[in-house]
There are 2 protein chains.
Amino acid sequence: MYSCRMAKSPSGTKGVPREEREAQILDIATEELGMHGYAHTSLTVVAQRAGISKPLIYMYFDSKDGLYLACLERAGDQIVEAVTAVQNGVALTRALDTVAAIFATLEPRRQDWAVLWDETLPPGSTVREAALQYRRKLIDLGSVGTHELLAARDNHDDLDASMMTEIWLNTVTTVVRWWLDHPEQDAATMTARCARLLAALQAG
Amino acid sequence: MYSCRMAKSPSGTKGVPREEREAQILDIATEELGMHGYAHTSLTVVAQRAGISKPLIYMYFDSKDGLYLACLERAGDQIVEAVTAVQNGVALTRALDTVAAIFATLEPRRQDWAVLWDETLPPGSTVREAALQYRRKLIDLGSVGTHELLAARDNHDDLDASMMTEIWLNTVTTVVRWWLDHPEQDAATMTARCARLLAALQAG
DNA sequence: CACGGAACTGATTCCTGGGTAAGTTACCCA
DNA sequence: TGGGTAACTTACCCAGGAATCAGTTCCGTG
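Peer 1: I'm lost on helix α9 (residues 187–202) of chain A in this one. Help?
Peer 2: For an α-helix, the turn length of 3.6 residues means that residues three or four places apart are oriented alike. Under the 1.5 Å per step criterion, the end-to-end length of α9(A) is 23 Å for 16 residues, consistent within 8% with the ideal 22 Å. Of the positions making up α9(A), those classed as buried are A:Ala187, A:Met190, A:Arg193, A:Cys194, A:Leu197, A:Leu198 and A:Ala200. In an axial view of α9(A), the angular spread of the buried residues amounts to 160 degrees, which keeps them on one side of the axis. At its buried positions, α9(A) is contacted by α5 (91–106) and α8 (158–181) of chain A together with α7 (126–152) and α8 (158–181) of chain B.

The following block contains the structure:
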């Protein structure tokens, strides 16, 4: 008999090494999670899209949570690293640098941000806690910027800073979501657009 | 026998007229939906919190969708009306007026905005479509403002305006969520805080 | 005082989706 | 050439939550 390929029997190996299969699953899962959110993502669909069966996913990722966490870690680590590397400019310039870095990092897989900022994670779940920890890192980075900006205006209200930090990160989230809805736009265009809008807001 | 109250038998009327009961259910449901989102709200919990049984909810609201839609309509109508009534100032003043109106309207039931902006609505569902229609109205109102603001800066890019409108509404959402996390703040304080932050951003 | 309707419930059904048990195929190597 | 292992599958279980059935109690009214 020839090796495989002949679709003779459904069971048995297809010759795809674990590592490769894992990467494939991860990519598809990220897309599904990014589009529909954790709550509305079904592993059955992920398996179908990957052309495999559900148990294989469980074999490699243990559970739905495990799969989400794998997507989250890949996304979170990459984003946090990229953003951290760019925190040196001053005030609003730094903000622009940050979004530029985010767009660049996200270019190959834009859904990563949506996975990180998934709003459908079950309240009190471990997946939510895990996502919050990654977000926390970004919040801490952003917090430096907002405190700085407000201090320069003689505003030292911590609650003001807290709210502004929240606004900042949700603005990034919104912009990335808008990007997902406009797939034809590239990273550079997005960065330029953000710069324009920021300037427009400032030109009081 | 005395009328009710005696907890003798579980079945039978408790003497609460339908209208009153409906209002009570609506309030509790709005809280649950606002806190956990549609996807993670269970009617069993709503019933328990109201001290009634699940079938009564179905009797009055037909389905989970029906209950959500009732909450949505009450919230949406009120918010849209309040915001519409305040669209007369110019540019950023109008933005401030709008958030002030929103805070004032939301004061008695802050979760209303979270119901309207629920991120856990199932993709493609009728509830989502309904919510989107209400959001659309707010987006159209906001759109006028952003186009105006950008035009004043000689920017006539529709995509810029589209993104900025999105940012605007998500900022409102973020601010209201922050408010939910800081229950001790009142509407007036929130308005003042927003004014301060806007000024800080502009003072380039 | 019967009776119709309004307010309500316990128990059940049904279905979706996460998770598992047990078995199948192919390849590698002693 | 026969085990051992890696890569798979079919068929199933089961919890939880939406939705429903078949009533029960109470009150107003002719």
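Peer 1: Got a minute to help me understand the protein's contact with DNA strand D in this structure?
Peer 2: Within the structure, DNA strand D sits among 29 residues, and A:Lys14, A:Arg18, A:Ser53, B:Tyr58 and B:Lys64 are positioned closest to it. Among all atoms of DNA strand D positioned within 4 Å of the protein, those belonging to sugar or phosphate total 69%. A:Thr13 is positioned with one of its side-chain polar atoms (N or O) 3.1 Å from a sugar or linking oxygen of DNA strand D. For DNA strand D, a phosphate oxygen lies 3.4 Å from a polar atom in the side chain of B:Tyr58.

Peer 1: Explanation requested: the relation of the copies chain B and chain A in the structure shown.
Peer 2: One copy of the chain maps onto the other through a rotation about an axis plus a displacement along that axis. Rotating chain B by 180 degrees about the axis while translating it 0.0 Å along that axis superimposes it on chain A, leaving an RMSD of 0.0 Å. Seen this way, the second copy is the image of the first under a two-fold rotation axis. Of the residues that chain B buries at the interface, 100% are likewise interface residues in chain A, meaning the two copies contact each other through the same surface.

Peer 1: Any chance you could explain the interface of chain B and chain A here in plain terms?
Peer 2: Listed by partner, the interface residues are 39 residues for chain B and 39 residues for chain A. Interface area for chain B against chain A, summed over the two sides, is near 3,400 Å², with a carbon-plus-sulfur share of 67%. When the area that chain B buries against chain A is broken down by residue, the three leading residues are B:Met163, B:Leu197 and B:Leu201, summing to 20%. The interface formed by chain B and chain A holds 8 salt bridges in total. At the junction of chain B and chain A, the tally comes to 14 residue pairs in polar contact (both at pLDDT 80 or more). For the side of chain B that touches chain A, the elements supplying multiple residues, two or more each, are α7, α8 and α9 (187–202) of chain B.

Peer 1: Just checking my understanding: could you explain unusual backbone geometry for this structure?
Peer 2: Keep in mind that most residues, glycine aside, have a negative phi and that most peptide bonds are trans. Residue and element names in this part refer to chain A. Even without being a glycine, aspartate 154 presents a positive backbone phi close to 65 degrees. As for its position among the elements, aspartate 154 is in the loop between α7 (126–152) and α8. The class of aspartate 154 is exposed, set by a relative accessible area of 66%.

Peer 1: I tried to follow the pattern of salt bridges on my own but got confused; where do I start?
Peer 2: Side chains that differ in sign of charge can pair as their charged atoms come close. Residues and elements named next belong to chain B. Counting across every chain of the model gives 26 salt bridges over all chains. Note that aspartate 27 and arginine 74 form a salt bridge whose closest N and O atoms lie 3.0 Å from each other. Note that aspartate 27 is positioned in helix α1 (residues 18–36) and arginine 74 in helix α4 (residues 64–84), a separation of 47 residues in sequence. Of the residues examined, aspartate 27 reaches a relative accessible area of 35% and is grouped as partly exposed. In this structure arginine 74 comes out as partly exposed when scored by relative accessible area, which is 22%. One salt bridge connects arginine 110 with glutamate 107, and the closest N-O pair in it is separated by 3.8 Å. Note on glutamate 107: relative accessible area 34%, which makes it partly exposed.

Peer 1: Honestly, the packing of aromatic side chains in this entry has me stumped. Any pointers?
Peer 2: Working definition: an aromatic ring pair is given by the centre-to-centre distance plus the angle between the planes. All names here are of chain A. Per the counting criterion, the structure on display carries 6 aromatic pairs over all chains. Pairing tyrosine 38 with tyrosine 68 gives two aromatic rings, centres 5.6 Å apart and planes at 85 degrees, and the pair type is edge-to-face. In this pair, tyrosine 38 sits in the loop between α1 (18–36) and α2 (43–50) while tyrosine 68 sits in helix α4 (residues 64–84), placing the two residues 30 residues apart along the sequence. A cation over an aromatic ring shows up here: arginine 135 above the ring of tryptophan 117, its NZ or CZ 5.1 Å from the ring centre.

Peer 1: How do you make sense of the packing of helix α2 (residues 43–50) of chain B against helix α3 (residues 54–61) of chain B when you look at a structure like this?
Peer 2: For any two helices packed against each other, the geometry is given by the interaxial angle and the distance between the axes. Residues and elements named next belong to chain B. Their axes nearest at 8 Å, the elements α2 and α3 cross at an angle of 100 degrees. Classed by the angle they form, the pair α2 and α3 counts as roughly perpendicular. In this structure, α2 uses Leu43, Thr44, Val46 and Ala47 to contact α3, whose residues at the interface are Lys54, Ile57 and Tyr58. Grouping the constituent residues of the contact of α2 with α3 by class yields 5 nonpolar, 1 polar and 1 charged.

Rules of the game
- Residues numbered from 1 in each chain as written.
- Chains lettered and ligands numbered in written order.
- Predicted model: local features only at pLDDT ≥ 70, side-chain atom pairs only at ≥ 80, totals over all residues.
- Heavy atoms only, no water.
- Helix = DSSP H or I, 4+ residues; strand = E, 2+ residues; numbered from the N terminus.
- Expected span 1.5 Å × (residues − 1).
- Buried < 20%, exposed > 50% of the residue type's maximum accessible area, 1.4 Å probe, protein only.
- Arc of directions from axis to C-beta.
- Contact = heavy atoms within 4.5 Å.
- Near = heavy atom within 4 Å.
- Polar contact = N/O pair within 3.5 Å; in protein donor to acceptor, adjacent residues only side chain to side chain.
- Least-squares fit on C-alpha atoms with pLDDT ≥ 70 in both.
- Buried area = accessible area lost by both parts, 1.4 Å probe.
- Salt bridge = Lys/Arg side-chain N within 4 Å of Asp/Glu carboxyl O.
- Phe/Tyr/Trp six-rings, centres within 6.5 Å; stacked < 30°, edge-to-face > 60°.
- Lys NZ or Arg CZ within 6 Å of the ring centre and 35° of its normal.
- Axes fitted to C-alpha atoms, helices over the stretch in contact; angles between N-to-C directions.
- Parallel < 35°, antiparallel > 145°, perpendicular 65-115°, else oblique.
- Nonpolar A, V, L, I, M, F, W, Y, C, P; charged D, E, K, R; others polar.

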